[in-house]
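A structural walkthrough
If you want the building blocks of each chain, they are given just below.
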Amino acid sequence: MTFKDEMTPYDRLITALDVKQPDDRVPVTPFNREWCARQAGYKFSEVMVNTEKYVYSQLYCAKKFGYDMVLDLLAVHAESEAMGSILKIPEDAPPFVEKPAVQDYKQDFPKLKIPNPSKDGRLPIILRGIERMKEACMGHMPVMGYVQACWRHTCMLRGTENAMRDIRKNPDELKKLIDIATESLIVYGEAVAEAGADLIWVSDPTSSGDMLSRKHFEDFILPYLKRQIKVLLKTGVKVFLHICGNVNDRLDLMVSTGVNAISVDEKVNLAHAKELIGKQVCIMGNISPSKTLLSGTVSDVENEAKIAIDKAAAGGGFVLASGCITPISMPPENVESLVRTAKTYGRYKK
Amino acid sequence: MVSKEEILANLSKYTIEGNEEECRKWAEIALKNNIDAYDAIMKGCAEGMRTVSELYDKGEYYVPDILIAADAMTAAVEILKPHIKIDRLDVPIVVVLGVVEGDVHDIGKNLVKILLSASGFEVTDLGRDVPIADFINTIKEKKPNILGMSALMTTTMPKMKDIVENLEKEGLKSELPVIIGGAPTSLEFAKKIGADSWAKDASSAVTAIRQLIGK
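This text gives an overview of the structure that appears in the document. (Residues numbered from 1 in each chain as written. Chains lettered and ligands numbered in written order. Predicted model: local features only at pLDDT ≥ 70, side-chain atom pairs only at ≥ 80, totals over all residues. Heavy atoms only, no water.)

A few points about the overall build of chain A
A count of helical and extended segments in chain A gives 16 helices and ten strands. Whereas a compact globule of 350 residues would reach a radius of gyration of roughly 20 Å, chain A reaches 19 Å, a difference of no more than 12%. Dimensions along the principal axes, computed over C-alpha positions, put chain A at roughly 65 × 40 × 35 Å. Taking all contacts inside chain A whose residues are at least 6 apart in sequence as the whole, residues at least 24 apart take part in 72%. Accessible surface for chain A amounts to roughly 12900 Å². Of this, 50% is attributable to carbon and sulfur atoms. Of the charged side chains in chain A, 46 are positive and 45 negative, and the gap between their average positions amounts to 1 Å. (Helix = DSSP H or I, 4+ residues; strand = E, 2+ residues; numbered from the N terminus. Rg over C-alpha atoms; globule rule 2.2 N^0.38 Å. Contact = heavy atoms within 4.5 Å. Areas by Shrake-Rupley, 256 points an atom, 1.4 Å probe, with all protein chains shown as cover. Lys, Arg positive; Asp, Glu negative; His and termini not counted. Charge placed at Lys NZ, Arg CZ, Asp CG, Glu CD.)

Re the packing of aromatic side chains
All names here are of chain A. Under the criterion given, the structure shown has seven aromatic pairs over all chains. Centroid distance Tyr146 to Trp201: 6.0 Å. Interplanar angle 90°. Geometry classified as edge-to-face. Of this pair, Tyr146 sits in strand S5 (residues 143–148) while Trp201 sits in strand S6 (residues 199–204), placing them 55 residues apart in sequence. Exposure class is identical for Tyr146 and Trp201. Each is buried. Arranged with centres 5.7 Å apart and planes meeting at 15°, the rings of Trp201 and Phe240 form a pair that is stacked. (Phe/Tyr/Trp six-rings, centres within 6.5 Å; stacked < 30°, edge-to-face > 60°. Buried < 20%, exposed > 50% of the residue type's maximum accessible area, 1.4 Å probe, protein only.)

Side note on the pairing of S5 of chain A
Residues and elements named next belong to chain A. Here S5 lies mainly inside the structure; six of its six residues are buried. Residues Val143, Gly145 and Val147 point to one face of S5 and Met144, Tyr146 and Gln148 to the other, with burial holding for every one of them. As judged from the five bridges shared by S5 and S6, these two strands associate in the parallel manner. Paired with Gly145 across the bridge in S6 is Ile200. (Pairing = 2+ DSSP bridges.)

Focus: empty space enclosed by the protein
All names here are of chain A. Counted under the stated rule, the structure contains two cavities of 30 Å³ or more. Approximately 50 Å³ is the volume attributed to the largest cavity. Val47, Thr51, Tyr54, Asp72, Leu73, Ile125, Ile126, Gly129 and Met133 together form the lining of the largest cavity. At four residues, the largest contribution of residues to the lining of the largest cavity is made by helix H7 (residues 123–137). Class assignment of the residues belonging to the lining of the largest cavity gives a composition of six nonpolar, two polar and one charged. Looking at the second largest cavity, the residues that line it are Asp72, Leu73, Leu74, Ala75, Val76, His77, Ala78, Glu79, Ile126, Tyr146 and Tyr188. Tallied by class, the residues present in the lining of the second largest cavity amount to eight nonpolar, one polar and two charged. (1 Å grid on protein atoms, 1.4 Å probe; cavity = no way out; pocket = protein on both sides within 12 Å on 5 of 7 lines; lining within 4 Å. Points joined across faces, edges and corners; volume = space filled by probe spheres on them. Nonpolar A, V, L, I, M, F, W, Y, C, P; charged D, E, K, R; others polar.)

Quick word on the nonpolar core
Counting 173 residues, the largest nonpolar core has Tyr67, Trp151, Ile262 and Leu320 of chain A as the members making the most contacts within it. When sequence neighbours within four positions are dropped, the list of residues in contact with Trp151 of chain A reads Ala163, Met164, Ile167, Leu174, Ile178, Asp204, Thr206, Ser207, Leu212 and Ile221 of chain A. Residues Val96, Ile136, Phe189 and Ala195 of chain B belong to the second largest nonpolar core, which totals 23 residues. (Core = buried A, V, L, I, M, F, W, Y, C linked by side-chain atoms within 4.5 Å.)

A closer look at the pairing of strand S9 (residues 282–287) of chain A
Every regular strand shows the same layout, with side chains that alternate between the two sheet faces. Residue and element names in this part refer to chain A. Along S9, six of the six residues are buried, which leaves the element largely enclosed by surrounding structure. In the sheet, strand S8 (residues 261–263) pairs with S9 via three bridges, with the strands oriented parallel. Within S9, the residue paired with Ala261 across the bridge is Cys282. This β-α-β element, S8 to helix H13 (residues 270–277) to S9, shows right-handed connectivity. Examined bridge by bridge, S9 and strand S10 (residues 318–325) share five bridges and lie parallel to one another. Within the sheet, the bridge partner assigned to Gly285 lies in S10 and is Leu320. (Right-handed = clockwise from strand over helix to strand, strands pointing away.)

Points about the interface of chain A and chain B
If you look at the interface, chain A gives 28 residues, while chain B gives 27 residues. When the area that chain A buries against chain B is broken down by residue, the three leading residues are Phe96, Glu161 and Arg168 of chain A, summing to 26%. Scanning the region where chain A abuts chain B turns up five salt bridges. Note that Asp71 of chain B and Arg165 of chain A form a salt bridge whose closest N and O atoms lie 2.5 Å from each other. At the boundary of chain A with chain B, the tally comes to eleven residue pairs in polar contact (both at pLDDT 80 or more). Elements with a minimum of two residues in the side of chain A that touches chain B: strand S4 (96–99), helix H9 (160–169) and helix H14 (289–294) of chain A. Examining the composition of the side of chain A that touches chain B, we find that seven residues originate from one element, H9 of chain A, more than from any other. Of the residues contributing to the side of chain A that touches chain B, the split by class is eleven nonpolar, eight polar and nine charged. (Buried area = accessible area lost by both parts, 1.4 Å probe. Salt bridge = Lys/Arg side-chain N within 4 Å of Asp/Glu carboxyl O. Polar contact = N/O pair within 3.5 Å; in protein donor to acceptor, adjacent residues only side chain to side chain.)

Quick look at the structure:
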């Protein structure tokens, strides 16, 4: 049986992000981006250039499927593009960096400038999208903005492999690059907050324990990430930090950035995370985008969602989310199953 | 005169440390001392790279360390490779590798390539962001013994299914074992799309490929 929601999606999500228990149920926020574009009948390359189409795809899916958040045009490397990295944009798939801005430190580093968010690259398109969603949602539905984590931006400016090599070969130059990357994200992040984002996703697919040691993370990432997040929080938005992969050994460091929530994928055991950091921050996660949401059945999704709720929902401070961005061809009935499970099994008892 | 053992040990040691300069130096020393180039690669550098994989599995090494080690090994291999005696290799096993279209994450694929080349495989690397047609055309042309492909994103991994389907349509699949890899993939996914094998990382990819061809 289903229950009637008592809170607005905005109040429900913000309550969970405050590490409190919503009045009615666990909030549910699959990270749907290209999936929404496809559901609304657009190619991804269309929504990359057309704010109205992107906004429509977000509003359409959130309303139709009943989940608790809309997302800006996230994770398209726009911050790095605005600083000179060249993107390749496939017709119906997310873009990627084809030519990083900093091939050679001596030659390219001095050319880097901190972008003007209202002018450079496609940053204005994304900000306009946030404004439009904020107007359309009228405080009922929370609007999520996205800002790369400083290390992600660095990798998209330098090329991931080269940035990884620099950790051992050019640490001093690398730190200068992370520094300007961080500054540029602070400027852009403030613009995202000003455009009306209620919460900001700071995301990094390349700093987990699968790739970097805890020591690398402490030396090359954490100080900059702290600076970036501190300024974002000052604008009054909620901030959640996502790092793809196995972050079991650095959950404490992630929390030390001061964020409101930590978002994790299936490589983190939610029970472990809840016990370790669940009193300090909200936990978001961790339904597998590929194994479950893309390839699983409706009941696979239901089972995994129930397990996640059992492990982490008690007492609030939990958001049922996908472990990362969801695939374009995810079956819609799996999203329905995820939302239905949050609305039934995720109900908080009075 | 430097002993063969010392030369191999140093090639291995400096690969593990990621010291390109020393790797180049010891590759030259190996040639000067008439050490067989193939032995220098396989028992020196590749041995070191095997230790690097073990250190990664144990959580002592991370991606930056692997990349630096791979660079050092490549530096030595470049010097040694022209001196490999052709008749030392029996019939070469040809492997075609590529990262699927829309995906530019090729660190893992590059490691597989280095390890395979060092193990004596003949690798045709299509690179990253490879369209389906390029995979098919290369397979028709090179007639490889193995196809290896990878994707690092949940958004691009379905492309691997399309490639297997295209191979079937062209009648190429029955003769060609396919192995896949990449962080979001799994053995279940591999089976589901009709691939023959799956590897969780670069070092197990080499083992899995050996198993596929029965060597």
